[in-house]
Amino acid sequence: MKKDSVISQIFRDKYSTAALIVLIILYVAIFFADFLAPYSKEFSDRHRAYAPPSPVFTIDENGKFSRPYTYNYIRSFNPEEFKISYKLDRSRKYYLKFFSKGEEYKFLGLVPMNIHLVTVEPEGRLFLLGTDINGRDVYSRILFGGRISLTIGFLALFISFPLGMLYGGISGYLGGIVDNIMMRISEAIMSIPSFYLLIILAAILPANMTSIQRFALIVVILALIGWAGFSRVVRGMVLSIKKQEYVQAAESIGASKRRIIIKHLLPQTLSYVIVAMTLSVPSYILAESGLSFLGLGIQQPDASWGNMLKEAQEYVNIIYRPWLLTPGFLIFIAVLSFNLIGDTIRDILDPKSKMR
């Protein structure tokens, strides 16, 4: 089936179209996170811990339209209830500024820039989704944390799927004793409880590792435990494909086994591979989020949606600070979107699955 026909069929399904639009928005947002975020990922205002989201006003006290503005919060402590509360300080307005200079950053880690989509006047604070316990802007950290949570799945796929395809292709084509030994190895790997293995491996990682090093190791761990089941499916497909006439013709003219596997057998499994990739990304996103939620993944002060969600596990925060649940909502939206697109692609490439 032609690539453009697959894309057109995806857009004919309203659910997959909506899911694709959502994913495009999410990935564009994390790509331009430095520009879209009012603050850098290192920003912290300890005097505004757990501050509520900043309201943005466009109508002034006289009922007339105005430039967008906000107020700072005044923090107070109630000793009787042992509770910190915030109220708006309406004595001074702080106007929002668009495409203005703010904290410096390097776009894509290379180009020095200081232009942000929205900032606020000096001494003003703009927290679109409130702050966490350390006074860090949740909205900015969601953008930076999404870079890890939404890319870890693809990075793991680039390791696990080529490995699984090649392993399954070799096993299925060679057959015999080689096939039996290779499949027993993959079955042994599949029998290991993946999530518990992740917890053990992540827990024994050195404490002095940087978040980038920890991130890379988690990607490798996720990939190395995810290829075995995929290789078994590829092996089953190769067992049936290798009996086709074009494969026998390639063997008769003296084509090498490597060429037959790479050029003739594995390309015939691409329809399944594409579907499996789209359906596997959510599991990797959830695995990273689960590890970070348990404190075994990406470590503070670096952000991922998993370790940001950890702060919302206390019922007090769920009741009084619901904005801390935003990362969990985004994880749900991203996983649902990938599943909807994966189901649609599966129905397109394998119409029999839809009938079943």
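Quick caveat: nothing in here was measured; it's all calculated off a predicted structure. (Residues numbered from 1 in each chain as written. Predicted model: local features only at pLDDT ≥ 70, side-chain atom pairs only at ≥ 80, totals over all residues. Heavy atoms only, no water.)

Let us now look at the overall build of the chain. In terms of regular secondary structure, the chain is built from 16 helices and 4 strands. Overall size of the chain, expressed as C-alpha extent along the three principal axes, is 85 × 45 × 45 Å. Counting only residues that meet the buried cut, the chain has 42% of its 356 residues in that class. Accessible surface for the chain amounts to roughly 19,500 Å². Of this, 64% is attributable to carbon and sulfur atoms. Charge centroids of the chain, computed over 38 positive and 27 negative side chains, lie 6 Å from each other. (Helix = DSSP H or I, 4+ residues; strand = E, 2+ residues; numbered from the N terminus. Buried < 20%, exposed > 50% of the residue type's maximum accessible area, 1.4 Å probe, protein only. Areas by Shrake-Rupley, 256 points an atom, 1.4 Å probe, with all protein chains shown as cover. Lys, Arg positive; Asp, Glu negative; His and termini not counted. Charge placed at Lys NZ, Arg CZ, Asp CG, Glu CD.)

Structurally, the α-helix is built with 3.6 residues per turn, so residues lying three or four positions apart point the same way. Given a rise of 1.5 Å per residue, 12 residues ought to cover 16 Å, and the 15 Å separating the end C-alpha atoms of helix α4 (residues 138-149) matches this to within 8%. Among the 12 residues of α4, 10 are classified as buried, and the element is accordingly described as predominantly covered. Of the positions making up α4, those classed as buried are Val138, Ser140, Arg141, Ile142, Leu143, Phe144, Gly145, Gly146, Ile148 and Ser149. (Expected span 1.5 Å × (residues − 1).)

Before going further, it helps to spend a moment on the sheet that holds strand β1 (residues 57-59). Within a sheet, neighbouring strands are paired by backbone hydrogen bonds and run either parallel or antiparallel to one another. Judged by pairing direction, the sheet is antiparallel, and its 4 strands sit side by side in the order β1-β2-β3-β4 without closing on themselves. Every other strand in the sheet has two partners, leaving β1 and β4 (111-120) as the edge strands with one partner each. Within the sheet, the average angular offset between the axes of one strand and its neighbour, ignoring direction, is 45°. Two strands pair when backbone bridges link them, and strand β3 (residues 83-107) and β4 are joined in this way by 8 bridges, in the antiparallel orientation. Across the sheet, the residue bridging to leucine 96 is valine 120, located in β4. (Pairing = 2+ DSSP bridges. Axes fitted to C-alpha atoms, helices over the stretch in contact; angles between N-to-C directions.)

Take helix α11 (residues 257-265) next. Inspection of α11 places Ile260, Ile261 and Leu265 among the buried residues, and these make up the whole buried set. For α11, the angular spread of buried residues about the axis comes to 95°, placing them on one side. Opposite its buried face, α11 presents the exposed residues Arg258 and Lys263, each directed more than 90 degrees away. Buried positions along α11 lie against α5 (152-174), α9 (227-241) and α10 (245-252). (Arc of directions from axis to C-beta. Contact = heavy atoms within 4.5 Å.)

The final tally for this structure, using the stated rule, is 10 salt bridges. Two residues, glutamate 187 and arginine 184, come together in a salt bridge whose shortest N-O distance is 2.9 Å. With glutamate 187 and arginine 184 both in helix α6 (residues 176-190) and 3 residues apart, the pair spans about one turn of that helix. In this structure arginine 184 comes out as partly exposed when scored by relative accessible area, which is 43%. The closest approach of N and O atoms between glutamate 187 and arginine 232, which form a salt bridge, is 2.8 Å. Taken together, the residues glutamate 187 in helix α6 and arginine 232 in helix α9 connect sequence positions 45 residues apart. (Salt bridge = Lys/Arg side-chain N within 4 Å of Asp/Glu carboxyl O.)

The tally for this structure, following the rule as stated, stands at 13 aromatic pairs. A centroid spacing of 4.9 Å and a plane angle of 85° characterise the contact between phenylalanine 31 and phenylalanine 32, whose relative ring orientation is edge-to-face. Using a relative accessible area of 40% as the deciding quantity, one classes phenylalanine 31 as partly exposed. Relative to tyrosine 71, the ring of tyrosine 69 lies with its centre 5.6 Å away and its plane at 85°, an arrangement referred to as edge-to-face. Exposure class is identical for tyrosine 69 and tyrosine 71. Each is buried. Here the aromatic residues Phe57, Tyr69, Tyr71 and Tyr95 are joined through ring pairs into a cluster of three or more. The side chain of lysine 93 reaches across the aromatic face of tyrosine 69, ending 4.6 Å from its centre. (Phe/Tyr/Trp six-rings, centres within 6.5 Å; stacked < 30°, edge-to-face > 60°. Lys NZ or Arg CZ within 6 Å of the ring centre and 35° of its normal.)

As a further point, take the packing of α5 against helix α12 (residues 270-293). Orientation of α5 relative to α12, taken along the N-to-C sense of each, is 135°, at an axis distance of 9 Å. The orientation of α5 with respect to α12, classified from their angle, is oblique. In terms of crossing hand, the pair formed by α5 and α12 is right-handed. Contact with α5, carried on its side by Ile152, Gly153, Phe154, Ala156, Leu157, Ser160, Phe161 and Met165, involves Leu270, Val273, Ala276, Met277, Ser280, Val281, Tyr284 and Glu288 of α12 and no other residues of that element. (Parallel < 35°, antiparallel > 145°, perpendicular 65-115°, else oblique. Left-handed = near helix turned anticlockwise from the far one by under 90°.)

What follows is about the pairing of strand β2 (residues 65-78). Sheet topology places β1 next to β2; 2 bridges connect them, and they run antiparallel. Pairing of isoleucine 59 across the sheet is with phenylalanine 65, part of β2. Linkage of β1 to β2, two consecutive antiparallel strands, is achieved through a turn of 5 residues, within which glycine 63 is found at a positive phi near 80°. Of the strand pairs in this sheet, β2 and β3 are connected by 9 bridges, and their pairing is antiparallel. Residue pairing for β3: asparagine 78 is matched across the bridge by lysine 83.

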